[in-house]
Amino acid sequence: MLPLRLIREQPEAVGRALVTRGVDGTALKELLEADRHRREVVKEAEELKAEHNRASKRIAREYPGGAIPRDVREDMRARSNRIKELDEALKRFDAEIEALLVALPNLPHESVPAGASADDNVEVRRWGAPRAFAFAPKSHWEIGEALGILDFERATKLAKSRFVVLWSAAARLERALIQFMLDLHTREHGYTELAVPHLANAATMRGTAQLPKFEEQLFKTVEADDNRTLYLIPTAEVPLTALHGGESLPEAALPKRYVAYTPCYRREAGTYGQDTRGMIRQHQFDKVELVKITTPATSYDELDSLVRNAEEVLRRLELPYRVMLLCTTDTGFAAAKTYDLEVWLPSQGEYREISSCSNCEAFQARRADLRYRPAAGGKADFCHTLNGSGLAVGRTLIAIFENYQEEDGSVTIPLALRPYLGGAGRITATGLSAG
């Protein structure tokens, strides 16, 4: 959430920045107008309350016996009623301002390029060369279905479309990927592993900027006994970022670097027709998520290292990829700056997103009331929060199937994963083999 004081003091600068995010000036104008009226109400209420207190003291002095003249009583009653009206008006303005504030996206960092669409994203670097195939490469779903290890039909029977059942070697490969990523990030990159709830309450979702913006994208449950709503997490970013909500952390304890594997659940509302075939866009998918909680002074250094941590997964798996700096309109709602990692998919002949690494600065921390206490003393300030996939497991599985496919329909297993699969080097129609 943006600070209201910043909007009040620098409306033109904030307005220009929001325009680059695709937000017109209407919402900002409404917010400033509501804030102006609120301050007028506060001023009048404070003046009346002070006057009411003075009058109460004067009455106590002048009418110690309690025989207060009628006109004095009526004057006190009128003033009291007006104060109640102003207090109610203040509640309404507070609610209106809150609703307008939470609908505004984060402001882009000055280094983020302005752009109207994903076509304006900027390529930062590439790693690895796409493999030259001696045959026409197949899609991951063709490979998986031919091997009998990706089952979309039965998954649809069990739930609905956009789910998949992984059989045998695919299930083991997915588990190996998860363990490999967790080991890399904890043993070499210094992250602390957590296991977190897969359900989150509304306050947690609001604090991490999932609500109200992404309400329609979320799966939710309602407890019958107390009518409480809990949401299935769309990413482990939600519980990891909210973990210290309402706390004030000592600066010496920062940065916090957390990693968690979880299934993720998204309705993907409004995306029908886009990547509906295969595993690119599923309602349930697995991710190994990286989250950092830092001071403002170190957050952009931590963003750079977060990107490198995610890249290292792709390098160890020897999957060609590129790093893209997202433009203003393609940057996520809560992010101030985002780098996307895109892996090469031979069947599509293009790079596709496999990780987004973002610095949200104080946007989420302000919502979640997440602060730190400076080591030098002084007032507690809001932390900066960062997140990134390290990596999306299902899309990594897709990339392995497509980049490591062989003409006979088998799939070679990357060297980095073989220790997690008992030394197996290939997936064939009969399962894992030494290769």
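Attention in this report is confined to the structure presented alongside it. Just so it is clear, the structure is predicted and the values come from calculations on it, not from any experiment.

**Focus: the side chain of Arg 322**
Then, number 1: By the secondary structure assignment, Arg 322 is in strand E11 (residues 321-325).
Then, number 2: A polar contact is formed between the side chain of Arg 322 and the side chain of Glu 123, at a distance of 3.4 Å.
Then, number 3: Polar side-chain contacts of Arg 322 include one of 2.7 Å to the side chain of Glu 342.
Then, number 4: For Arg 322, the contacting residues outside a window of four places in its chain are Glu 123, Arg 125, Arg 126, Asp 340, Leu 341, Glu 342 and Tyr 351.

**Considering unusual backbone geometry**
Then, number 1: Omega for the peptide link from Leu 211 to Pro 212 comes to 0 degrees, which places this bond in the cis form.
Then, number 2: Note that Pro 212 resides in the loop between helix H8 (202-207) and strand E6 (220-222).
Then, number 3: For the peptide bond that leads from Gly 390 to Leu 391, omega is 20 degrees, which places it in the cis range.
Then, number 4: Here Leu 391 lies in strand E16 (residues 384-392).
Then, number 5: The phi dihedral of Ala 209 falls on the positive side, at around 70 degrees, and the residue is not glycine.
Then, number 6: Relative to the elements of secondary structure, Ala 209 occurs in the loop between H8 and E6.

**What about the nonpolar core?**
Then, number 1: In terms of nonpolar packing, the biggest core is built from 57 residues, with Phe 401 and Ile 427 touching the most fellow members.
Then, number 2: By residue number, the principal contributor to this core is helix H7 (residues 168-188), which donates ten residues.
Then, number 3: The contacts of Ile 427, once residues within four sequence positions are left out, are Leu 147, Ile 149, Ala 169, Leu 173, Phe 401, Ser 410, Val 411, Ile 413 and Leu 432.
Then, number 4: Counting 29 residues, the second-largest nonpolar core is a separate cluster that includes Val 23, Leu 28, Leu 104 and Phe 363.

Each value, and the rule that gives it
Per-chain numbering applies: the sequence of each chain, read as written, is numbered from 1 onward. Local features in this predicted model are restricted to residues of pLDDT 70 or higher, and side-chain atom pairs are both shown and tallied only at a pLDDT of 80 or more, whereas totals for entire chains, interfaces and linings draw on every residue. Where side-chain values are given, they derive from all heavy atoms of the structure, hydrogens and water being excluded. Secondary structure elements follow DSSP: runs of H or I no shorter than four residues count as helices, runs of E no shorter than two count as strands, and numbering proceeds from the N terminus. Distance and chemistry together define a polar contact, namely a pair of N or O atoms within 3.5 Å, with one atom able to donate a hydrogen and the other to accept it when in protein, and with adjacent residues in sequence counting only for side-chain atoms on both sides. Whether two residues are in contact is decided by their heavy atoms: any pair within 4.5 Å suffices. Throughout this description, the term nonpolar core refers to a set of buried Ala, Val, Leu, Ile, Met, Phe, Trp, Tyr and Cys residues connected via side-chain atoms within 4.5 Å. Whether a residue is buried, partly exposed or exposed follows from its accessible area with a 1.4 Å probe, protein chains only, as a fraction of its type maximum: under 20%, in between, or over 50%, in that order.

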